[in-house]
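Descriptive structure summary
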Amino acid sequence: TANIGTTAAFIGEQVDGTAKISATIDEVGIYGAALSSAQVGTLYTAGSSGASGTQANAMQVPAGTTLTFGSSAWGALNTWQVRFRYTAGGSYTFFLHRTDGSNTLFAAITGPALQLSHTIAGSTHLLASAGMTLAHEAWYWLQVTQFPSPPGDPPYLSAMLFSDDGGAIGAQVAAVGAAAFDAVTALSGVAGFAASGAALLIGGAGNASGVGQQVALFGPGGWLFASAGTGTASGAWEQNSPANTAPVGLAAPGGAPASNPQVPVQSYGAARMDFPPGGTGDGMWRLYAGGTPAGSSAIPASAGQVFQLVACVKSAGLDATASTRIRVEERDASGGFLVSANLAGTAAASGNIPNWTTLWGSYTIQNAACAYLDVAVRASSTTTPGASAGATVWIDNAQAWNQTLTGVGAGAMPYCELRFPQSPAQLLITGLLGDLPAPAYLALGAYVSSLPTGGSLSFALGRAAGASATARLTAAAHGYYGAGGSPVATAALDASSYGGFYATALANSAWSPRAFSLTPADAPGVYHLAGRCYSAQSAGNLPNVQVRANVQQRLQPWYGQLDLSDQLADAYGPFSAPLGASATWTVADAGQVTLPPFNAGALADPARTYLTPHTQWVDNTPGGSQMRAGWAALLPVDGSLLTGVLNNPSNAPFAVTGQWVWAYFDGLLVNRAGATDGPAWAYSLEAGPLANPAHAGGGPGTQSSGSLNINSGADPYLALDPQIAVTQTAQAGVNVLVGYLADANAAVLPLHAQIAYSPLYLWPR
């Protein structure tokens, strides 16, 4: 193992809604043969010498050498960025995924071309190539992205080469983009480098400029990975669900497993850390690493408050001296470090953890200056170097709550999912009591960097009439990236998009991006299909850009057979024209869908076919237009539904800047039957991510009302139903909700929710 630069090869930080993963060169081989320690030492020096002299903070990869690094769970790569020196006669390979020498996906730099290639079973397929001219011994930057794709659809790839400008990224030299040749080997294996013809120099001055080498994955925002030890652990998001994610029915985070309800839903994917092949390993997934707390995942806290902290963990290959535990860190109002603690007892586990185990414990804030709390799960194997080489640790279903504010102690909090760094979001509430649906109080909050006068926030939240362990109701939209699709889509990075990217295609005349592929058993119910969309069509032709909700029933998931030979049925609604502005992101409602769309017979197996609800766009303008698709959400409308808008009128006295906007929908007084009792809608502006309904105010209004106002639609309040059960676990009192918040440009905003209710009962007379 070795570092490229002054600190680490890839510096961990969070950007654009993705978690940047810390990693360094983990495995060293010459065509698969391990190097000796003496040979390894010749590769890594503080200044590798070349024809132009010593290069500080650089690593030299000799010609004929292949290096691999990172985690085999690295699937889609948001950004792999590396600074390197080109030497005439050299050919350099940058592996996105390398299973072995016969199965690789890579970008290549040769003297005359930048290439994307895919080798499968020894056969190399050139995907894309762009000619260029490189200067001998000049430095360049390579940026490569492998976008997420639906199962079975080859992922879209892009590679860009830039000149170096004194250690920073300069002008673009070449760019290529193409879909991979298949969808299997394109996701298998680790990353790596290879050099032939001339040595490859990596790193150098770029590390000191703050740009640096990095690998950023696509994954949930709000989590950061950090590594210590003499070897560098690699963070990843587990791709193999449900095999390596917390199982349905696992004792929920919240306290002692014997006294806590079970988790009733399937995990989408666990956080993961892969230990290095040598040295000592010490890694952690955390929420907040200090710095400006506004808009981060820092948890508000103050001295004396008690927090309950829990997480589910599993490992493979940890040695007997290893430790996995919950870790906390106190920070002051500006994010400065105060104190840290590794929790013990039930919040820690020793040695290997072959089965999913719930860690749980409490922590009392110690420092009077504490304003924020960081929560992490840390795994360490530092006693004997190499004892946990190649080990893997999985972390799932983490949960934390403020016992002082909620009054709920260990073992009493049901499993809930209520706070998300991005919306739309699928919320989950469990442990509801009572015999009847009950009016509830709901607070929805989002951090808003800017809500100018004349601006607005739209929102919606729906509760499903049923619950399923396998429902997945929010996701990023995809086009079909492989050959044979019509139209063939591409993808682009976008920090303002859900998941950090969007799909794009020429709608001439139709395009059907997809975000879901479910079985009829996964999420039965009635929904509205909403999504973030964009059309480059001219304003005068926007009425020609129309959308409808479409549900295909097929024998295969996602796109299935491109000739539709596996299609059983096709259900669709009427077209509408929801776009009011050209070249502007918009949240559009494509219409209502029912899942499943057709009645099934008694002998039908609801797990043997697939439903693909999606938006179907048409542009009837000759030549069509370029369209983009961001997130999509199946918004439940068969349980309880809230919709509305919060206006900051054009004649309001101020713009909202760098504050949390909280909207309150309170139905708790509906059943009291007093003269002035009824549902209330109000709002407040707060400095932090905690609702404060005590000084909420306001009511309905317009864009000319003179002050912020909040306007309701659909139901007057949220009702929760304690009788809904998840059939897979026979657990009652489970409510699944979907919500989103969006500004006038449909930007992705966080969604924080707080819910309270009073159970209602039927008593015998």
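Whatever comes next refers back to the structure up there.
Structure report, in brief.

The rules behind each value
Residues numbered from 1 in each chain as written. Predicted model: local features only at pLDDT ≥ 70, side-chain atom pairs only at ≥ 80, totals over all residues. Heavy atoms only, no water. Buried < 20%, exposed > 50% of the residue type's maximum accessible area, 1.4 Å probe, protein only. Helix = DSSP H or I, 4+ residues; strand = E, 2+ residues; numbered from the N terminus. Pairing = 2+ DSSP bridges. Contact = heavy atoms within 4.5 Å. Core = buried A, V, L, I, M, F, W, Y, C linked by side-chain atoms within 4.5 Å. Phe/Tyr/Trp six-rings, centres within 6.5 Å; stacked < 30°, edge-to-face > 60°. Lys NZ or Arg CZ within 6 Å of the ring centre and 35° of its normal. Axes fitted to C-alpha atoms, helices over the stretch in contact; angles between N-to-C directions.

**Focus: the pairing of strand 35 (residues 455-463)**
For strand 35, the tally of buried residues reaches 8 of 9 residues, placing the bulk of the element in the interior. Taken together, the 9 bridges between strand 35 and strand 46 (residues 640-648) define a ladder with antiparallel strand orientation. Among the inter-strand pairings, Ser 458 is bridged to a residue of strand 46, identified as Val 645. Sheet topology places strand 35 next to strand 53 (residues 735-743); 7 bridges connect them, and they run antiparallel. Residue Leu 457 lies in a different strand from strand 53, and its bridge partner there is Asp 743.

**Considering the side chain of Asn 647**
Examined against the element boundaries, Asn 647 turns out to sit in strand 46. Residue classification places Asn 647 among the buried positions, given a relative accessible area of 8%. Those residues in contact with Asn 647, other than ones at most four positions away along the chain, are Gly 455, Ser 456, Gly 701, Thr 702, Gln 703, Ser 707, Leu 708, Asn 709 and Asn 711.

**Describing the nonpolar core**
Membership of the largest hydrophobic core comes to 80 residues, with the highest contact counts inside it found for Phe 84, Phe 94, Ile 109 and Leu 142. Excluding residues within four positions of it along the chain, Leu 142 makes contact with Trp 80, Gln 81, Val 82, Phe 84, Phe 94, Ala 107, Ile 109, Leu 114, Met 160 and Leu 161. Core analysis: the second largest hydrophobic core is formed by 63 residues, Leu 428, Leu 529, Ala 590 and Ala 633 among them.

**Re the packing of aromatic side chains**
Going through the model one piece at a time under the given rule, you end up with 29 aromatic pairs. When the ring of Phe 69 is compared with that of Trp 80, the centres are 5.7 Å apart and the planes differ by 65°; the resulting orientation is edge-to-face. Here Trp 80 lies in strand 9 (residues 77-85) and Phe 69 lies in strand 8 (residues 65-69), a separation of 11 residues in the sequence. Members of the aromatic cluster, joined through ring pairs, are Phe 69, Trp 74, Trp 80, Phe 84, Tyr 86, Tyr 92, Phe 94, Tyr 140 and Phe 193. Against the face of Tyr 268 rests Arg 472, its NZ or CZ located 4.1 Å from the ring centre. Sitting above the plane of the Tyr 572 ring, Arg 548 keeps its charged end 4.1 Å from the centroid.

**Points about the sheet that holds strand 22 (residues 271-274)**
The sheet built from 5 strands is open, its strands ordered 21-22-31-25-29 with antiparallel pairing. Either end of the sheet is taken by a strand with one partner, and the two such strands are strand 21 (234-237) and strand 29 (357-364). Averaged over all pairs of adjacent strands, the angle between strand axes in this sheet comes to 30°, irrespective of strand direction.

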